[in-house]
Amino acid sequence: MAVVEKIQGKLTEGLVLARTRAQDLESVRKLNCWASDITDISIIRKMPDLEVCSLSGNKISTLEDFSHCPNLQELYIRKNNLNELTDIHWLKKLTKLRVLWLSDNPCSTGDNYRLSVLKTLPNIQKLDNIVVTEDEINRALEEGNDVPLPAKYPTDSPVIEPESEQMEETPVITENLQNHKISDPVALSWEETNKIRQELGLKPLPYEKVSTTKSVTTGITKARHANILQATLHLIKELDKDSLEIVENAVKTRLESL
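Bear in mind the structure is a predicted one, so any value in this text is a computation, not a measurement.

**What about the packing of aromatic side chains?**
Going through the model one piece at a time under the given rule, you end up with 2 aromatic pairs. Ring geometry for tryptophan 90 and tyrosine 153: centres 5.0 Å apart, planes at 50°, overall tilted. Note that tryptophan 90 is positioned in the loop between strand E3 (74–76) and strand E4 (99–101) and tyrosine 153 in the loop between helix H4 (134–143) and helix H5 (161–180), a separation of 63 residues in sequence. Given the relative accessible area of 8%, tryptophan 90 is considered buried.

**Some points on unusual backbone geometry**
Here aspartate 104, not a glycine, exhibits a phi torsion of approximately 65°, which is positive. Secondary-structure assignment places aspartate 104 in the loop between E4 and helix H3 (113–120). The partly exposed category is assigned to aspartate 104, whose relative accessible area is 43%. The backbone of aspartate 128 shows a phi angle near 55°, a positive value even though the residue is not glycine. Assignment of secondary structure puts aspartate 128 in the loop between strand E5 (126–127) and strand E6 (130–131). Aspartate 128 sits in the buried class, given a relative accessible area of 12%.

**A short note on the nonpolar core**
Core analysis: the largest hydrophobic core is formed by 45 residues, its most contacted members being Leu11, Leu31, Ile44, Phe66 and Leu75. Residue assignment for this core shows that the elements contributing at least two residues are helix H2 (13–20), H3 and H4. At 4 residues, H3 tops the list of elements feeding residues into this core. Setting aside its immediate chain neighbours within four residues, phenylalanine 66 contacts Ile41, Ile44, Cys53, Leu55, Leu72, Leu75, Ile77, Leu91 and Leu94.

**Some thoughts on the packing of H3 against H4**
Running from N to C, H3 and H4 point in directions that differ by 95°, and their axes come no closer than 8 Å. Of the possible angle classes, the one that applies to H3 and H4 is roughly perpendicular. Listed contacts from H4 to Arg114, Leu115, Leu118 and Lys119 of H3 are Glu136, Ile137, Arg139, Ala140, Leu141 and Glu143. Considering only residue class, the contact of H3 with H4 consists of 5 nonpolar, no polar and 5 charged.

**Brief notes about the sheet that holds E6**
The mixed open sheet is built from 6 strands, whose spatial order is E1-E2-E3-E4-E5-E6. Every interior strand has two partners, whereas the edge strands, strand E1 (30–32) and E6, have only one.

**What about the confidence of the model for the protein chain?**
Here the protein chain averages 78 in pLDDT, and 66% of its residues register 70 or above. Predicted confidence is poor over residues 1–7, with pLDDT under 50, and the contacts of this stretch with residues over four places away or in other chains come to 9 contacts. Note that residues 157–188 has pLDDT below 50 and, in this model, 24 contacts with residues that lie over four places away or in other chains.

Parameters and conventions
Residues numbered from 1 in each chain as written. Predicted model: local features only at pLDDT ≥ 70, side-chain atom pairs only at ≥ 80, totals over all residues. Heavy atoms only, no water. Phe/Tyr/Trp six-rings, centres within 6.5 Å; stacked < 30°, edge-to-face > 60°. Helix = DSSP H or I, 4+ residues; strand = E, 2+ residues; numbered from the N terminus. Buried < 20%, exposed > 50% of the residue type's maximum accessible area, 1.4 Å probe, protein only. Core = buried A, V, L, I, M, F, W, Y, C linked by side-chain atoms within 4.5 Å. Contact = heavy atoms within 4.5 Å. Axes fitted to C-alpha atoms, helices over the stretch in contact; angles between N-to-C directions. Parallel < 35°, antiparallel > 145°, perpendicular 65-115°, else oblique. Nonpolar A, V, L, I, M, F, W, Y, C, P; charged D, E, K, R; others polar. Pairing = 2+ DSSP bridges. pLDDT = per-residue confidence, 0-100.

This is the structure we're talking about:
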């Protein structure tokens, strides 16, 4: 059975259990399938507790499957068919990974290869059987290339559009504050708060309620809040009815907690 699996080029459960003598895939900690003519290692995704993996001398062309092994500490995958250095991004979330042997792959022949890998994976302590020094990490952060993301890399990280909008609007907001010569951040905060409440159909708050705080707030913090309020007002104009209802509920909840 194992011979057939290797001819097919697929790492299967039967082959893994035969090599590791483990009861099931979930209990596999160490895996060694060196020079087994393997191309497909998707079964790796079912080994969440895998710590040490040696798959050198095969025909593996992607590191994507290892992104499902959060406990991986050592990965030996030299002499495979890894053509693109972009694949190392699949290892970025493996916070326990300390040893990586990637040499003798097509991706390891490019200029600035080592520093670029260390810039992307600064937690690596040993790369290609050479210990990584602190000075080398510092050099990598400055001189390493920015390795682009692989084509299939997920973009599941939430993108908060209001944050980028706020950053873009801040210089304009600051200029507006200077033009209007508003010297009292508390007064501005009260005015802008009531503008927001008015747009949401809420009653305005008296000045005393806004200006009286339980803790001392610095002028810098108040000015920052003023900028945020200005940006919020700007963004509200871009929202549709459903989004405004969500904002309204969030504002009501926040005001009730104050």
